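A look at the structure
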Amino acid sequence: MRFVAIVVALAVVAVGCESGKTDAPPPAPGGDFVPTEDKMAADPGDKEPAAGKAEFKGAGAFLVKEDALGEAFALEQGPEYYTKDNLFEVIDGGSESYIAFGVTQMAKAVYKARSGDYTDEINVEVYEFGPELSAFGKFALERSGCKESETRTNWCLRDGDLIFWKGRKLVKVGAFDNTKAALEAIAFFAEKVDKAIPDAATMPAFFARFPEEHRVPGGGGWSPRDQYGIQGLNNVYLHTYRPPGDKYAAEGSAVTLFAMEPKGGDAKAMFDKFRATVTAAAKDKKSVVSLDGVGDGAFIYSDGYGTHSVVFKGKVLAGGRDFQDDATAKSMTMALGSKL
């Protein structure tokens, strides 16, 4: 997408999309915080480069350099560099999630408008992760409130900021309002950073194991953290779905399908562990019901949050979350089991 096209799309958003219904998926469900085992960068770098010319290195190599700013903007501050050891200084309360996903470095620069209708600052942050899927997974976790005019599955335009991922990098471009001029400034920086990153935004091949029918566009995700209270249920692929019917029409009523390959390849052991956990927690033992003929084994169960399902086939454990009725839980679990 060329810059001009993005500006037009963003301008349309600023005028008329805020009240419209979006198809943006809810954030991918999380779990208990489990620090990643991936090694972090040993050199945290300096928050402030030495006096003189700004240093664009590491993750900062993809920030917009001074000679590419033209007459409209100037570099106001940075680049500054952070790792897991000091990331809390800029995102206090939110750094643990980045650490769990394996962040190695974050580079930040602040730019100031010198001319035009937008007169405030623009913050640009580039996060680099060690694990291959972490930028994609962290994007999915934060993706919410995206404007319905946004059609790129690796981009999410929100009120006053835009986030996107490519390869192992997650980028955030933020303004201080959502006026047309601010959105044009966001587009200017987002497009330049996007072009500077050579990596591709390719969806993981594992999603071929998920049913295509009723998928929410851009609703794929991945998480390294334990899911649904089951220890070892991590490195999970997730995708949101919008089944037909009034029960699933309301915002927040989407269904999440998940799938993963347990370490050691013993999906049946994880399946039995999952069933034992939910059976022990269930007040009504009849709320755990076997599904015959689905994969190598499957069941559905209900709790205070809705109806859920679990299925295993070969080396893959999978299932669905937050169904509003048993019939949809069964039909979608059968569709998922047939694809595994």
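The structure presented is a predicted model; accordingly, all values stated were derived computationally and were not measured.

1. Considerations on the sheet that holds strand β7 (residues 215-223)
Sheet strands associate in pairs through backbone hydrogen bonding, adopting either a parallel or an antiparallel arrangement. On the basis of which strands lie adjacent, the open sheet formed by seven strands has the order β7-β8-β9-β13-β12-β11-β10 and antiparallel pairing. With partners counted over all chains shown, the strands left at the sheet margins are β7 and β10 (288-290), one partner each. Across the sheet, the mean angle separating the axes of adjacent strands is 20° when strand polarity is ignored. Pairing geometry for strand β8 (residues 236-241) and strand β9 (residues 255-260), over five bridges, is antiparallel. Note that in β9 the partner of Y241 across the bridge is V255. Along the sheet, helix α6 (residues 326-339) contacts β8, β9, β11 (297-303), β12 (306-313) and β13 (316-323); its crossing angle with β12, the most-contacted strand, is approximately 20°.

2. Some words on the packing of aromatic side chains
For the structure on display, the rule yields 18 aromatic pairs. Ring centres 4.6 Å apart and planes at 15° place the aromatic pair Y98 and Y127 in the stacked group. Here Y98, found in helix α2 (residues 95-100), pairs with Y127, found in strand β3 (residues 121-129); they are 29 residues apart in sequence, far enough to count as distant. You'll find Y98 and Y127 in the same group, each marked buried. On the numbers, 5.9 Å between centres and 40° between planes, the contact of F299 with Y301 is tilted. You'll find F299 and Y301 in the same group, each marked buried. Pairwise contacts between aromatic rings join F136, W165, F206, F207, F210 and Y237 into one cluster. One residue, K57, lies across the ring of Y81, its end atom 5.4 Å from the ring centre. Geometry around Y228 places R321 over its ring, the cationic atom sitting 4.1 Å from the centre.

3. Considering the environment of A59
Position of A59 among the secondary structure elements: in the loop between α1 (3-16) and β1 (73-82). Given a relative accessible area of 0%, A59 falls into the buried group. Taking C-alpha positions, A59 is 6.6 Å from Q105, a pair spaced 46 residues apart along the chain. Every residue in contact with A59, bar those within four places of it in the chain, is listed here: Q105, A107, V126 and E128.

4. Here's the deal with the nonpolar core
By size, the foremost hydrophobic cluster in this structure holds 41 residues, and its most contacted members are L87, Y98, Y127, F129, L170 and F210. Per element, the largest residue contribution to this core is four residues, and it comes from helix α3 (residues 134-142). Those residues in contact with F129, other than ones at most four positions away along the chain, are Y98, F101, G102, V103, T104, S134, A135, K138, R168 and L170. By size, the runner-up hydrophobic cluster in this structure holds 35 residues, among which are A54, F56, A175 and I186.

5. Regarding the sheet that holds β3
Strands sit in the order β1-β2-β3-β6-β5-β4 across an open sheet of six strands; the sheet is antiparallel. Each having just a single partner strand, β1 and β4 (155-157) make up the two edges of the open sheet. Adjacent strand axes in the sheet meet at a mean angle of 10° when their direction is disregarded. Of the strand pairs in this sheet, strand β2 (residues 103-113) and β3 are connected by nine bridges, and their pairing is antiparallel. Bridge pairing links M106 to Y127 in β3. Contacts between α3 and the sheet are confined to β3, β4, β5 (161-166) and β6 (169-174), with β5 contributing the most and set at about 150° to the helix. The strands touched by helix α4 (residues 180-196) within the sheet are β1, β2, β3, β4, β5 and β6, with β5 carrying the most contacts at an inclination of about 15°.

6. Side note on α3
An α-helix turns once every 3.6 residues. As a result, residues three or four positions apart point the same way. Extensive coverage of α3 is indicated by the burial of nine of its nine residues. If you check which residues of α3 are buried, you get S134, A135, F136, G137, K138, F139, A140, L141 and E142. Next to the buried residues of α3 lie α2, β3, β4, β5, β6 and β7.

7. Things to note about the confidence of the model for the protein chain
Taken residue by residue, the protein chain gives an average pLDDT of 83. The fraction at 70 or more is 83%. In the model of the protein chain, α1 stands out as the element of lowest mean pLDDT, 35, in contrast to β6, which has the highest, 97. Between residues 1-45, whose pLDDT stays under 50, and residues either more than four places distant or in other chains, the model counts 96 contacts.

What counts and how
- Residues numbered from 1 in each chain as written.
- Predicted model: local features only at pLDDT ≥ 70, side-chain atom pairs only at ≥ 80, totals over all residues.
- Heavy atoms only, no water.
- Pairing = 2+ DSSP bridges.
- Helix = DSSP H or I, 4+ residues; strand = E, 2+ residues; numbered from the N terminus.
- Axes fitted to C-alpha atoms, helices over the stretch in contact; angles between N-to-C directions.
- Contact = heavy atoms within 4.5 Å.
- Phe/Tyr/Trp six-rings, centres within 6.5 Å; stacked < 30°, edge-to-face > 60°.
- Buried < 20%, exposed > 50% of the residue type's maximum accessible area, 1.4 Å probe, protein only.
- Lys NZ or Arg CZ within 6 Å of the ring centre and 35° of its normal.
- Core = buried A, V, L, I, M, F, W, Y, C linked by side-chain atoms within 4.5 Å.
- pLDDT = per-residue confidence, 0-100.

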